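Structural overview for review
Chain residues, written in single-letter form:
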Amino acid sequence: MRRLTVTGPGGAVREVVLRSFVTPFFRRHAPGLLGREHRVLGQLAGTSVPAPRPLGVDPDGAHCAAPSLLMTLLPGGIRLADDDGLPGRVKALAELLVTVHQLPAEGPERPRPYQAWAGPERVRVPEDTARPALWRAAIAGIDRPPPPFEGRFLHRDFHPGNVLFDDAGRITGLVDWVETSLGPADLDVAHCATALALLHGPEVGLGLADHYRAAGGRLAPTPEARRYWRLLDALGFAPDAEKVATPWRTSGRPDLTPTLLTTRLETYLTAILDNATP
């Protein structure tokens, strides 16, 4: 990700963002991922969702050094290390999710179906866990067909690391739309809830659903269905959430060690299985 200052005709200055895929895995999948993000950002223009506007895309890397997407720069920044004002930010996250889920999900621009990021056979259990029975129970909870759901427009990677805030705690942007999908609202809520549980403690993640419903959002009608979607997302972070922890640590959270994250994840899984989630 690069922030570029561009000087145009007449000396006009403009700041933009260039997203480039440089690793072999992402270069290989760039046409689908960057093409999707470019298309979705175009759809979001003119809506109340604070997303960047697309300026250009080179999904194959034919003109740039790497496959790239050019977009407008949004104000604000991520807030991962500051617990001051956290309740207000969690409420704002829930309200933004409701807005995203109200976007049209049918027609020619219908998003692709969601993809599960965990499965009973794919979950990596912590090698040194003292709670193997917990993990077996959690895995058993997703070893079944998905519950029926109403398809919604999903961001699909909605978490505090993709949301920008100003100094007053107001949301100024939602970025990273490469995973946009059609699926249950529960899945976006679950993904953000797991991230909040890992960043700030399980109780913070567990409270997100109440804020979402208070803002007008609708979740699955049964506790069993809600539990399935929350387990499905949480188990995608096993065994120690290192995939997200590395960028979180470089963004001001060096306290998020593998041990701490595993402990928080196990506590969160326990709460879901004990029906402590709303």
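It should be emphasised that the depicted structure is a prediction, and the values quoted were computed from it without experimental measurement. Here, residues in each chain are numbered from 1, in the same order as that chain's written sequence. Since the coordinates come from a predicted model, pLDDT governs what is reported: local features require at least 70, and pairs of side-chain atoms require 80 or more to be given and counted, while whole-chain, interface and lining totals use all residues. Working from all heavy atoms in the structure, the side-chain values ignore hydrogens and water.

A short note on the overall build of the protein
What counts as a helix is a DSSP run of H or I of at least four residues, what counts as a strand is a run of E of at least two, and both are numbered from the N terminus. Counting secondary structure elements, the protein contains 9 helices and 8 strands. Within these notes, the globule rule equals 2.2 Å times the number of residues to the 0.38 power, and the radius of gyration is based on C-alpha atoms. In terms of C-alpha radius of gyration, the protein reaches 19 Å, essentially the compact-globule figure of 19 Å for 278 residues. In the protein, of all internal contacts separated by at least 6 residues, the share reaching a separation of at least 24 is 72%. The protein chains shown are the only cover counted for residues, whose accessible areas, like all others here, come from Shrake-Rupley with a 1.4 Å probe. When the accessible surface of the protein is split by element, carbon and sulfur atoms take 55% of a total near 13,200 Å². Working rule for contacts: check all heavy atoms of both residues, and any pair within 4.5 Å makes them a contact.

Here we look at the environment of Glu106
Tracing the backbone through its elements, the reader meets Glu106 in the loop between α2 (86-101) and α3 (132-141). Considering only alpha carbons, one finds Glu106 and Gly236, 130 residues apart in sequence, at a separation of 28 Å. Polar contacts here mean pairs of N or O atoms no more than 3.5 Å apart (in protein, one a potential hydrogen donor and the other a potential acceptor; neighbouring residues in sequence count only if both atoms are side-chain atoms). At 2.6 Å, the side chain of Glu106 forms a polar contact with the side chain of Arg110.

Regarding the sheet that holds strand β4 (residues 68-72)
Hydrogen bonds between backbone atoms are what pair the strands of a sheet, whose relative direction is either parallel or antiparallel. With respect to topology, 4 strands assemble into an open sheet ordered β1-β2-β4-β3, the strand pairing being antiparallel. Both edges of this open sheet fall to β1 (2-7) and β3 (54-58), since each of them pairs with a single strand only. Within the sheet, the average angular offset between the axes of one strand and its neighbour, ignoring direction, is 25°. Note that β1 and strand β2 (residues 13-20) share 6 bridges and pair antiparallel. Looking at the pairing, Thr5 lines up with Glu15 of β2. Here, strands pair whenever DSSP counts at least two bridges between them. Every axis in this analysis is a line fitted to C-alpha atoms, fitted for helices over the stretch in contact. Angles between the N-to-C directions lie between 0 and 180 degrees.

Geometric values such as these leave the question of function open.
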